[in-house]
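# Tertiary structure, described
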Amino acid sequence: MLSINDLHATINGKEILKGLTLEVKPGEVHAIMGPNGAGKSTLGHVLAGREGYDVVSGTVEMLGKNLLELETEERAHLGLFLSFQYPIEIPGVSNMEFLKASVDSIRQGRGEEAMDSVSFMKKAREVSKAVNLDPNFLKRGVNEGFSGGEKKRNELLQMILLEPKLAILDETDSGLDIDALQVIADGVNQMRSAERSFVMITHYQRLLDYVEPDFVHVLADGRIVKSGDKSLALELEARGYHWLKSGPGADGQAD
Amino acid sequence: MSQPVSEFIPQAGQLFAAQSDWLQPVRERGLAQWRVSKLPNRKTENWKYTSLRMLERGDYLAEAAVNDVSADLSSQFEITEIDGPRVVFVDGVFSLEHSRLDLPKGVCLTTFSQADKAQREQILEHLGQTVAYESSPFAYLNDSWLTDGVFLCVAANQRVENLIHVVYLTRSQERNFSVNQRLLAVLESGAEASLIEHFCSTDSQQNSFTNSVTEIVVKANARLTHYRLHLEQEQALHIGGIHAQLQRDSQLNSFQIATGGVLKRLDIDVSLLGEGAHCELSGVYLPRGKQLVDFHTSMRHMVPNCTSNEIYRGIVADQSRAVFNGLIYIHPHAQKSSAQLSNKNLLTSDQAEVDTKPELQIYANDVQCAHGATVSQIDEQLLYYLCSRGIERKEAEVLLSFGFINELLNRLTDQTVQEYLRPILAKMFAKDPELARHLV
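Throughout this document, residue positions are counted from 1 along each chain, in the order its sequence is written. By the order in which they are written, chains take letters starting at A while ligands take numbers starting at 1. In view of the model being predicted, local features appear only for residues whose pLDDT reaches at least 70, and side-chain atom pairs are presented and counted only at 80 or more, with totals across whole chains, interfaces and linings using the full set of residues. Only hydrogens and water are set aside; all other atoms, that is, all heavy atoms of the structure, feed into the side-chain values.

## Describing the overall build of chain A
For clarity, the cut-off: Put simply, DSSP marks the helices as runs of H or I at least four residues long and the strands as runs of E at least two long, and each gets a number from the N terminus on. Type-normalised accessible area, obtained with a 1.4 Å probe on protein chains alone, sets the label of each residue: buried when under 20%, exposed when over 50%, and partly exposed for intermediate values. Any two residues whose heavy atoms approach within 4.5 Å at even a single point are treated as in contact. The Shrake-Rupley method, run with a 1.4 Å probe sphere, supplies the accessible areas, and residue values consider only the shown protein chains as cover.
When helices and strands are counted, chain A shows 9 helices and 12 strands. C-alpha extents for chain A along the principal axes are approximately 60 × 40 × 35 Å. Evaluated residue by residue, chain A yields a buried proportion of 54% over its 255 residues. Considering only contacts in chain A between residues 6 or more positions apart, those separated by 24 or more positions represent 68%. About 11000 Å² of surface is accessible on chain A, with carbon and sulfur atoms providing 47% of the total.

## Here's the deal with the sheet that holds strand S9 (residues 166-170) of chain A
Residues and elements named next belong to chain A. Heads up, the rule is: A pair of strands is treated as paired once DSSP finds two or more bridges between them. For helices, the fitted axis covers only the stretch in contact; all axes are lines through C-alpha atoms, and the angles between them, taken along N-to-C directions, range from 0 to 180 degrees.
Reading across from one edge, S6-S9-S10-S3-S11-S12 is the order of the 6 strands in this open sheet, with mixed pairing throughout. Strands with a single pairing partner mark the edges of an open sheet, and in this sheet they are strand S6 (80-83) and strand S12 (223-228). For this sheet, the mean angle separating the axes of adjacent strands, direction not counted, is 20°. With 5 bridges joining them, strand S11 (residues 215-220) and S12 adopt antiparallel strand pairing. By the bridge assignment for S12, His217 is matched with Ser227. Across the sheet, helix H1 (residues 40-48) lies against strand S3 (29-33), S6, S9, strand S10 (197-201) and S11, angled at about 145° from S6, the strand it touches most. Against the sheet, helix H5 (residues 148-162) makes contact with S6, S9 and S10, and its axis sits at roughly 170° relative to S6, the strand it touches most.

## With respect to the packing of aromatic side chains
Put simply, the test is: Working definition: rings of Phe, Tyr and Trp (its six-membered ring) pair if their centres are within 6.5 Å, and the pair is stacked with planes under 30 degrees apart, edge-to-face with planes over 60 apart, and tilted otherwise. In this analysis the charged atom, NZ for Lys or CZ for Arg, is taken to sit over a ring once it is within 6 Å of the ring centre and within 35 degrees of the ring normal.
Inspection of every chain in the model, using the stated rule, returns 19 aromatic pairs over all chains. A ring pair is formed by Trp47(B) and Phe138(B), whose centres lie 6.0 Å apart and whose planes are at 45°; its orientation type is tilted. Residue Trp47(B) is located in the loop between helix H2 (24-35) and helix H3 (53-56), and its partner Phe138(B) is located in helix H5 (residues 137-144); the two are separated by 91 residues in the primary sequence. Residue Trp47(B) shares its accessibility class with Phe138(B), and that shared class is buried. Pairwise contacts between aromatic rings join Phe8(B), Phe16(B), Trp34(B), Trp47(B), Phe138(B), Trp145(B) and Phe209(B) into one cluster. In this structure, Arg140(A) is placed above the aromatic ring of Phe137(A), and the distance from its NZ or CZ to the ring centre is 4.5 Å. Taking the ring centre of Trp47(B) as reference, the NZ or CZ of Arg265(B) above it sits at 3.9 Å.

## Details of the sheet that holds strand S16 (residues 321-330) of chain B
All names here are of chain B. On the basis of which strands lie adjacent, the open sheet formed by 9 strands has the order S3-S4-S6-S8-S10-S12-S14-S16-S18 and mixed pairing. Lying at the two open borders of the sheet, with one neighbouring strand each, are strand S3 (107-111) and strand S18 (353-362). In this sheet, adjacent strand axes meet at a mean angle of 5° when their direction is disregarded. Pairing of strand S12 (residues 263-272) with strand S14 (residues 292-301), which is carried by 8 bridges, proceeds in the parallel orientation.

## With respect to the interface of chain B and chain A
Note the cut-off: By definition, the buried area sums, over both parts, the 1.4 Å-probe accessible area that each loses when the two are put together. A pair is scored as a salt bridge if a Lys or Arg side-chain nitrogen falls within 4 Å of a carboxyl oxygen belonging to Asp or Glu.
Between chain B and chain A, the residue contacts involve 24 residues of the former and 34 residues of the latter. Around 2400 Å² of area is buried between chain B and chain A when both sides are counted, 59% of it from carbon and sulfur atoms. Considering only the side of chain B, the residues that lose the most area to chain A are Tyr384(B), Tyr385(B) and Arg389(B), jointly responsible for 35% of the buried surface there. At the junction of chain B with chain A, the criterion picks out 1 salt bridge. Ionic pairing is found between Arg389(B) and Glu155(A), a salt bridge with its closest N-O pair at 2.7 Å.

## With respect to helix H6 (residues 178-191) of chain A
Residue and element names in this part refer to chain A. Spelled out, the test is: Here the expected span of a helix is defined as 1.5 Å times the quantity of residues minus one. What qualifies as a polar contact is a pair of N or O atoms within 3.5 Å, subject to a donor-acceptor requirement within protein and to the restriction that residues adjacent in sequence count only when both atoms come from side chains.
Here H6 is 14 residues long and its end C-alpha atoms lie 20 Å apart, about the 20 Å a rise of 1.5 Å per residue gives. Those residues of H6 lying buried are Ala180, Leu181, Val183, Ile184, Ala185, Gly187, Val188 and Met191. Elements in contact with the buried residues of H6: H5, S9, S10 and helix H7 (206-210). Capping the start of H6 is the job of one residue whose side-chain oxygen sits 3.2 Å from the backbone nitrogen of Asp179: Asp177.

## Thoughts on the packing of H5(A) against H6(A)
Helix packing for two helices is described by the angle between their axes and how far apart those axes are. Residues and elements named next belong to chain A. Operational definition: An angle below 35 degrees is treated as roughly parallel, one above 145 as roughly antiparallel, one from 65 to 115 as roughly perpendicular, and anything else as oblique. For any pair of crossing helices, the crossing counts as left-handed if the nearer helix is rotated counterclockwise from the farther one by less than a right angle, and right-handed if it is rotated clockwise.
Following both chains from N to C, one finds H5 and H6 inclined at 10°, their axes separated by 10 Å at the closest point. It follows from the interaxial angle that H5 and H6 lie roughly parallel. Considering how the two elements wind past one another, H5 and H6 form a crossing that is left-handed. Residues Lys152, Arg153, Leu156, Met159 and Ile160 of H5 form the contact with H6, whose own contacting residues are Val183, Ile184, Gly187, Val188 and Met191.

## Some remarks on the nonpolar core
Condition: In this text, buried Ala, Val, Leu, Ile, Met, Phe, Trp, Tyr and Cys residues form a nonpolar core when linked through side-chain atoms within 4.5 Å.
In terms of nonpolar packing, the biggest core is built from 122 residues, with Leu2(A), Ile4(A), Leu47(A), Ile90(A), Met159(A), Leu286(B) and Leu421(B) touching the most fellow members. Counting residues per element, this core draws most heavily on helix H7 (residues 393-409) of chain B, which supplies 9 residues. Not counting the four nearest positions on each side in its chain, Ile4(A) is found in contact with Leu20(A), Thr21(A), Leu22(A), Leu43(A), Leu47(A), Thr59(A) and Val60(A). Within the second largest apolar cluster, 54 residues are counted, among which are Phe89(B), Phe199(B), Ala277(B) and Ala339(B).

## Digging into the environment of His242(A)
Position of His242(A) relative to the elements: it lies in helix H9 (residues 242-245). Through-space distance from the C-alpha of His242(A) to that of Val183(A) is 32 Å; in sequence the pair is 59 residues apart.

## Focus: the pattern of salt bridges
Should their charged atoms come close, side chains of opposite charge can pair. Residues and elements named next belong to chain B. Summed over all chains, the structure comprises 33 salt bridges over all chains. Close ionic contact of Arg159 with Glu192 constitutes a salt bridge, the shortest N to O distance being 3.1 Å. Separated by 33 residues along the polypeptide, Arg159 in the loop between strand S4 (150-154) and strand S5 (164-170) and Glu192 in strand S7 (residues 192-201) bring together distant segments of the chain. Residue class for Glu192 comes out partly exposed when judged on its relative accessible area of 28%. Taken together, the shared-partner salt bridges connect Asp143, Arg182 and Glu215 into one network.

Printed below as a string of C-alpha cells:
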C-alpha cells in the first residue's frame, strides 16, 4: 500500500524528516506516536504534497506509484486521505458543495461516473447523522464556526464519503471528549477492511484503546526509532519518550 | 502649471435643454452650480485613481436618439420570483410597456413626469435635500439634466411585502449618448420596504454615459432594504451616487454589487441624523480585464447613539483596478457612536491593482470605531485543503473566489436576490463552465 524509504524532507530549508522508513500493507493499521516536534504532522503533509514541504531524498510509493511525482489532488484520486489536525474554515463555500466537489473529482479521477445530486445529498445526510453531526452543518460554510469536535467529525464525514485506500489521521483524537472519541473510533473501525490501511498519528494511547493498531511506531527527531505492537503504546504511556531518545540511533533533542 | 481648461463643463450644461415645467427651478439651480464646478482631475483627492478622460472628450454629450422600446427586453432584467411593482427605463426613458405599476395600498411609485400635484409637492420638498453635493459635482449636473425620475413613497406604518424593482437598461446606439437617472425614495415613519435598483444593458458593446443620483430618506422607525446592482456591459460609463438620510431609530440596509467597466464610480453617502439609527452597508466589486470599479463610501454620524457597519469585498483580476475609499465621520456631538468598516480585497493576478483607504474623522471622544483593509491573494492553505480532497487547483480557485463573495450574498435578506446573483458570479469566476458546476 505505502512504502516509505529513507525519506528526508525540509520545511523552509530546515530538515524535519531525517531518514524515515515505513512499510504499510493493505488492511493494516499503524499508529505513529512521538514527542512534539518529532515530525509527525510533517510526515502527513509530505505525503499529501503540501507546498513548502520539500523532499530532499528518499522514495515514497503508494500502490506501486511514485507518490512524490503527483500533485496533491492526484494523490487524493489515487486513494490517499489526510485528516487534518487543524481543519480549515472556508466561509462562503457550503459544506455540501465542497463534499460534492470532492466526491465528483475523486470519482472522475478514478474514471468512475459522477453521483447524481439527489443520491449524493441523501448519502451525505446519512453519513452526517452516523458521525453525530447535525445535517444542518452541511448547509453551513466548510468548518465555519464549527467547534473543535465538530471539525474532527466533519473530517471523518469526508473520509467516509471519499472512501480512501489509505487514510492518515493526524491527531484526530486531540481535543475530543470521550463521546466524540468513541464516534470517531466507531467510524474508523467500520471503515477498516482488508483493502484499506490507516496511519494514525497520535500523542496519546487513549485512541488506541478504541482503534486497535497492528503496529505502533515511535517517531523521534525525524525518523522511526522504535516499532512494536500495541504493547509499545502502553509502555510509552508509562515511561514517556525520553528513554528511547537516548537509545541507539536517536540523536535528537528532547523538547 | 496651467491645465487646459475643460470644455466639458459648459458643453455638458447645454444638454437636455428641457421644456419649462415644474422641475425648472431644480434644473436652473443645478446648472448654476455645475457651471461654477470644477471637473475633478487626478489632483482631486477623491478622484486620484479614477480618470475622467473618456468622458472629458465630450462625445457622450448627446441625448439618446432611439426611443423605440417596443422590443422585448425583459430577459435582460427579469428576476425570477420577483413579480411586484416594477419601473423600467430604457436608455433613460420611462417604458410603460415593461413596467408594472399595480401598487399595494399606501405606496406611491411613479415617475416625476406622471406625478400628480400632491406628489410634485412632495418631490420638490425632498429633492436634493440629502445630496452631498460638495463631494459629488456630478449631482449638480444630474439636477441640471433633470427631466424625469422615480418617486417612491411609502406611507407611515405601511409594510410593502414585495420587492420593488427599478430597472435602468441601456442599449447600444449609433451615437454615444448620455442618460440621466434620478430616484427619490421616502419612507415615512414606521414604513418598511425593499428596493432593487438594477442597472443593466443589452449584451452588445455599450456607448452610453449614465449619471445617476439616488436619494433615500428613512424617517423615524422606518426600515429600507436596498440593493443596487451594476451589471452593465463593460463599455458603459457610469458615475453614480446614493445619498441617504436616516432619522431616529430607522434602519437602512444597502448592498451594492458592481462588475467592472471602462469607468464605473459609485459614491455612497449616508448621514445618521436621528438617535438610534442603524445603517448596514455591504458591497462587492469585481473588475477584470482592463476594467475599473471605484467605490467611495461616507458614513456620517451626526448625532449620538447611532451604529453603522460596512463590509466591502472585491476580487480584482487580470490588469484591472479597484478603488475603495471608506470615510467614517463622527461629529463632535455624536457620542456613543459605533462604526465598523471592513474592506477585503483578493488580487488574482500580479498586474491587478487595488487602492484602498479607510479614513476616520472622529471628533467625539466616547465612540467605538474599527476599520481595516486587507489586500491578499488566494490563501495557499485553503487551496491545499481543497486539493487534498481531490479538487483540481483550478476548480479550487473558483470555489474560493466564489466563497469570498458568497459570504456577503449569504447575508442578504432576500433569497431571490441571492439566487439571481449566484449564477452571474459563478459565470464570472469560471471561464470554463465545468469549473462552476458545484456552485449553483
